Amino acid sequence: METIQAFSAIAIALIFGLSGAGTAIAFGNLGGKLIESSARQPELAPKLQVQFFLVAGFVDVISIIGVGVSFLVMFANPFVG
């Protein structure tokens, strides 16, 4: 049982770390592309901003689902009998 809890703790740490790192990388790429696109065609900046925030919401949802799964494993571990 201690082994299952130890592996669960490692999995939780990996989920938190990878979801945070993935979200940071995605936002960096997304923001860079927004600035690059707005510099090339300034008249499309408002439309691009709307699309930026829409995609940013999708990126956040992925990390929030990961955090929810890790909280499930942390507080109601389905692997512990």
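Residues numbered from 1 in each chain as written. Predicted model: local features only at pLDDT ≥ 70, side-chain atom pairs only at ≥ 80, totals over all residues. Heavy atoms only, no water.

Caption draft 1: Spatial organisation of a nonpolar patch on the surface. Among the surface-exposed residues, Phe-7, Ile-10, Leu-14 and Leu-18 lie close enough to one another that they form a single nonpolar patch of about 460 Å² accessible area. Relative to the helices and strands, Phe-7 is located in helix α1 (residues 2-40). Take Phe-7: its relative accessible area is 57%, and that puts it in the exposed class. (Patch = residues over 30% accessible without salt bridge, like charges linked within 9 Å, V, L, I, M, F, W, Y side chains within 5 Å. Areas by Shrake-Rupley, 256 points an atom, 1.4 Å probe, with all protein chains shown as cover. Salt bridge = Lys/Arg side-chain N within 4 Å of Asp/Glu carboxyl O. Helix = DSSP H or I, 4+ residues; strand = E, 2+ residues; numbered from the N terminus. Buried < 20%, exposed > 50% of the residue type's maximum accessible area, 1.4 Å probe, protein only.)

Caption draft 2: Structural detail: the pattern of salt bridges. One pass over the structure, following the stated rule, counts one salt bridge. Here Glu-36 makes a salt bridge to Arg-40, at a shortest N to O gap of 3.4 Å. Here Glu-36 pairs with Arg-40, and both are found in helix α1, just four residues apart, close to one helical turn. Classification of Arg-40 by relative accessible area gives exposed; the value is 67%.

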